[in-house]
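Residue-level listing of the chains:
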Amino acid sequence: MEKRVPSALGGNVVLVGVLLMLLGDFMFSLNDAMGKWLVASFSVGQVLVIRSLGAFFVLGPMFARQPISALYCVERPTLQIMRVVFATGDLALFYAAVVYLPLADVMTFYMAGPIYVAALSHFLLGERIGWRRWLAVLIGFVGVVIALRPSSAMLSWPSIFGLIGSFSFALTLVLNRRLRATSDATLVTWQTIAALIAGIFLSIGQWSPFGFGQLLALLLLGIVACIAHLLITRSLKLAPASVLAPLQYTLLLWAVVLGWLFFDDLPDVQTWIGAGIIVLAGLFIFHRGNLKQDAEAIVPTDSSHG
């Protein structure tokens, strides 16, 4: 009986982690839908400014418990700056893309993030990627091309925004792995400050008046995003990444549902096919990575058949 208690407790902790991840993904999707709604009335820069101010309602109390030196005494300042640039680009380009494209279409581009991460990790992190995962990376890129629609539409600015934004997102993830020693509050604070500064420049000459209700919605955008980030961060401390990572693809499901409910947008056949290929390729890459980690945990090896 005594042996079962820790196991039961461990199972409950993992379940809580899973539930927090699912809730965090839903809130990120809600944040994306709110962003799409708001950029229809306000410039991307204006949304970034007020969204960032809203985020400080959550970040302020978090950072009040840390010494101010946590903001400037950070590891690898150059990488910190690069991460902030890519994170800001990811956010701004996402909002620029959803002005013109359905939410599910833009999210399809962003679902290719794990595929880009796998490819970038080989070059930037020195992680060895076997031929099976390289094949999955190539198949994932095929899914992206299909979702882009092989035609003149591939060169439309909204599609390019979504594509570059998803690549910036992947680079941010890779840099997060290089900056693991930096506290989450510090990373998010600098990211929010950068978004605020970028928003101020982008909103010059493009500032629209807003009512009290609209101001609350813009502030809520930042609050929802921060809470979602905190939920996902906490979930990763309670449950294994191998359990949680595949749940990230629920973002695409919520993008379809919310896009249909609020904007009457439904993905066309090409987007469904591209999204399906991207998700399957991403799950395979993750599965092969888990197999390799398990094998190395038993018998360290230099095998390149990851």
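Conventions adopted
Residues numbered from 1 in each chain as written. Predicted model: local features only at pLDDT ≥ 70, side-chain atom pairs only at ≥ 80, totals over all residues. Heavy atoms only, no water. Helix = DSSP H or I, 4+ residues; strand = E, 2+ residues; numbered from the N terminus. Buried < 20%, exposed > 50% of the residue type's maximum accessible area, 1.4 Å probe, protein only. Contact = heavy atoms within 4.5 Å. Areas by Shrake-Rupley, 256 points an atom, 1.4 Å probe, with all protein chains shown as cover. 1 Å grid on protein atoms, 1.4 Å probe; cavity = no way out; pocket = protein on both sides within 12 Å on 5 of 7 lines; lining within 4 Å. Points joined across faces, edges and corners; volume = space filled by probe spheres on them. Nonpolar A, V, L, I, M, F, W, Y, C, P; charged D, E, K, R; others polar. pLDDT = per-residue confidence, 0-100. Patch = residues over 30% accessible without salt bridge, like charges linked within 9 Å, V, L, I, M, F, W, Y side chains within 5 Å. Salt bridge = Lys/Arg side-chain N within 4 Å of Asp/Glu carboxyl O.

A closer look at the overall build of the protein chain
And step 1. Of regular secondary structure, the protein chain possesses 13 helices and zero strands.
And step 2. Within the protein chain, the proportion of its 306 residues that are buried is 46%.
And step 3. For the protein chain, restricting intrachain contacts to residue pairs at least 6 apart in sequence, the fraction spanning at least 24 positions comes to 88%.
And step 4. Summed over all atoms, the accessible surface of the protein chain reaches about 15,500 Å², with 72% contributed by carbon and sulfur.

Notes on the layout of surface pockets
And step 1. Here the second largest pocket defines a volume of roughly 210 Å³.
And step 2. Lining of the second largest pocket is provided by Val39, Phe42, Ser43, Val44, Gly45, Ala92, Ala96, Val99, Tyr100, Phe161, Leu202 and Gln206.
And step 3. Going through the elements one at a time, helix 2 (44-64) and helix 4 (77-98) are the ones with two or more residues in the lining of the second largest pocket.
And step 4. Its residues placed into classes, the lining of the second largest pocket shows nine nonpolar, three polar and no charged.

What to know about the confidence of the model for the protein chain
The predicted coordinates of low-pLDDT regions are not to be read in fine detail.
And step 1. With 86% of its residues at a pLDDT of 70 or more, the protein chain shows a mean pLDDT of 81.
And step 2. Here helix 3 (residues 69-72) stands out as the least confident element of the protein chain, with mean pLDDT 68; helix 4 is the most confident, with 91.
And step 3. Overall, residues 1-9 carries pLDDT values under 50, and its contacts beyond four positions in sequence, including any with other chains, amount to zero contacts.
And step 4. Between residues 297-306, whose pLDDT stays under 50, and residues either more than four places distant or in other chains, the model counts 17 contacts.

Side note on a nonpolar patch on the surface
And step 1. The grouping of Trp260, Leu261, Phe262 and Leu266 at the surface amounts to a nonpolar patch, some 480 Å² of accessible area in total.
And step 2. In this structure, tryptophan 260 sits in helix 12 (residues 250-263).
And step 3. Judged by its relative accessible area of 46%, tryptophan 260 is partly exposed.

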